[in-house]
Amino acid sequence: MNFVNPKKRFGQNFLTNDKIAEDIVSFLSDSKTKTILEIGPGKGILTKNLIKKSNKKKKFIEIDSDCIEYLKIKFDGINDDLINKDFLKIDLNSFDKPISIIGNFPYNISSQILFKIYENKNIINEMVGMFQLEVAERICSNFGTKKYGILSVLIQAFFEVKMMKKIKPQSFYPIPNVDSAVIRINKKNDSINCNEILFKKIVKQSFGQRRKTLRNSLKIFNIPDIKKEDTIFAKRPEQLSVSDFIYLTNLVDNENI
Ligand code: SAH
């Protein structure tokens, strides 16, 4: 089989530019990683470079069994490393840790992939991923900008984020109707200095009502009036840096003990 019909339901837009594929794989930088996971190898344009690049353990997770059959024929000795499953349903703890993740991700599940990375941040050192430009910008954007939101704060709280390369639609088949970009995120050494679960709740709740001041959107936390005099509560979520959200979490947390 040398032809895989692109399937819309699996978000398949195959990269066709070899030079870009080489660049993406070269962005992997973490030397401590034990396992490199590729999400959605498709027809293997990144896979080819990954196999050449490093002698670390690699696993390729692909939901489409047609692609799996194609990859088995294309790459000798890859069979044991191919996993025909949905990445969103895989237990990442089953791999040798820490893990690096790479992929030209299916755009229909990019937020879910990022939330999964967030939930597994204790075992993930690095991710190099292609996203729709809009999503990539959201992850990398700073406070004070329109694109700054839940994913920006949650990811930036634990990872250094970097925009690596913008990519035109013509580099794919079929040609998507959006621009794309590759970003890299690298785990920070330090964890955040607050209750992590509450932090996530507060970030989500704040941006759930983006236009409201925090005084209004955080009412469900029953913060006493005296605390609410802190000027931070007069702000809107996009005005808060990651450290401000940590400060805010500690303010709310102390009252809940
Ligand atoms: N990496 C290839 C393919 C990119 S298209 C390239 O650059 O050309 C996205 C790939 O992700 C497709 O192969 C698609 O089948 C796969 N995919 C989609 N949803 C998935 C899921 N939930 N888990 C694993 N792979 C998935």
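In this text the structure is predicted, and so the values were computed from the model without any measurement.

Q: Explain the overall build of the protein chain to me, using residue names and the numbers behind them.
A: Along the protein chain, the regular secondary structure elements total ten helices and nine strands. Its C-alpha radius of gyration of 20 Å places the protein chain within 12% of the 18 Å reference for a compact globule of 257 residues. Looking at the protein chain as a whole, 51% of its 257 residues qualify as buried. In the protein chain, of all internal contacts separated by at least 6 residues, the share reaching a separation of at least 24 is 67%. Summed over its atoms, the accessible surface of the protein chain is roughly 12900 Å², and 46% of this surface lies on carbon and sulfur atoms. Across the protein chain, the centroid of the 43 positively charged side chains sits 3 Å from that of the 30 negatively charged ones.

Q: Could you give me a rundown of helix α5 (residues 133–140), with the residues and numbers involved?
A: Those residues of α5 not exposed but buried are L133, V135, A136, I139 and C140. Looking straight down α5, one finds that the buried residues subtend no more than 165 degrees of arc, so they occupy a single side. Buried residues along α5 sit against α4 (110–119), β6 (124–132), α6 (150–158), β7 (159–167) and β9 (180–187).

Q: Give a detailed account of the site of the ligand, specifying residues and quantitative values.
A: Taken together, 21 residues lie near the ligand, and Q12, G40, E62, D86 and N104 sit nearest. In the environment of the ligand, an oxygen atom lies 2.8 Å from a nitrogen or oxygen atom belonging to the backbone of L15. N104 is positioned with one of its side-chain polar atoms (N or O) 2.7 Å from an oxygen atom of the ligand. Calculation on the ligand without its partners gives an accessible area of 570 Å², and the protein chains cover 97% of this total. Of all the cavities here, the one that holds the ligand is the largest pocket. When its residues are assigned to classes, the shell around the ligand shows ten nonpolar, six polar and five charged.

What counts, and where the lines are drawn
- Numbering of residues starts from 1 in each chain and follows the order in which that chain's sequence is written.
- It should be noted that, the model being predicted, local features are given only for residues of pLDDT at least 70 and side-chain atom pairs only at 80 or more, the latter also being counted only at that level, while totals for whole chains, interfaces and linings use all residues.
- Side-chain descriptors were evaluated using all non-hydrogen atoms of the structure, hydrogens and water having been removed beforehand.
- Secondary structure elements are defined from DSSP: runs of H or I of at least 4 residues count as helices, runs of E of at least 2 residues count as strands, and each element is numbered from the N terminus.
- Throughout, radius of gyration means the C-alpha value; the globule benchmark is 2.2 Å times the number of residues raised to the power 0.38.
- Only protein chains enter the accessibility calculation, which uses a 1.4 Å probe; a residue is then buried when its area is under 20% of its type maximum, exposed when over 50%, and partly exposed in between.
- A contact between two residues is defined here by any heavy atoms of the two lying within 4.5 Å.
- All accessibility values rest on the Shrake-Rupley procedure with a 1.4 Å probe; residue burial counts only the protein chains present in the view.
- Charged residues are defined narrowly, with Lys and Arg counted positive, Asp and Glu counted negative, and His plus the chain ends left uncounted.
- Positions of charges follow a simple convention, taking NZ of Lys, CZ of Arg, CG of Asp or CD of Glu.
- What the arc covers is the set of directions going from the helix axis to the C-beta atoms.
- Being near a molecule or strand, for a residue, means having at least one of its heavy atoms within 4 Å of it.
- Identification of polar contacts relies on pairs of N or O atoms within 3.5 Å, with a donor-acceptor requirement for protein atoms, meaning one able to donate a hydrogen and the other able to accept it, and with residues adjacent in sequence counted only if both atoms are side-chain atoms.
- Lining residues are defined by having an atom within 4 Å of a point belonging to a cavity or pocket. Those points lie on a 1 Å grid over the protein atoms alone, cavities being sets where a 1.4 Å probe fits but cannot get out and pockets being open sets with protein on both sides within 12 Å along at least five of seven lines.
- In this description, a molecule resides in a pocket or cavity if more than half of its atoms sit within 2 Å of the grid points defining it.
- By the convention adopted, Pro, Cys, Tyr, Trp, Phe, Met, Ile, Leu, Val and Ala count as nonpolar, Lys, Arg, Asp and Glu as charged, and the other residues, Gly among them, as polar.

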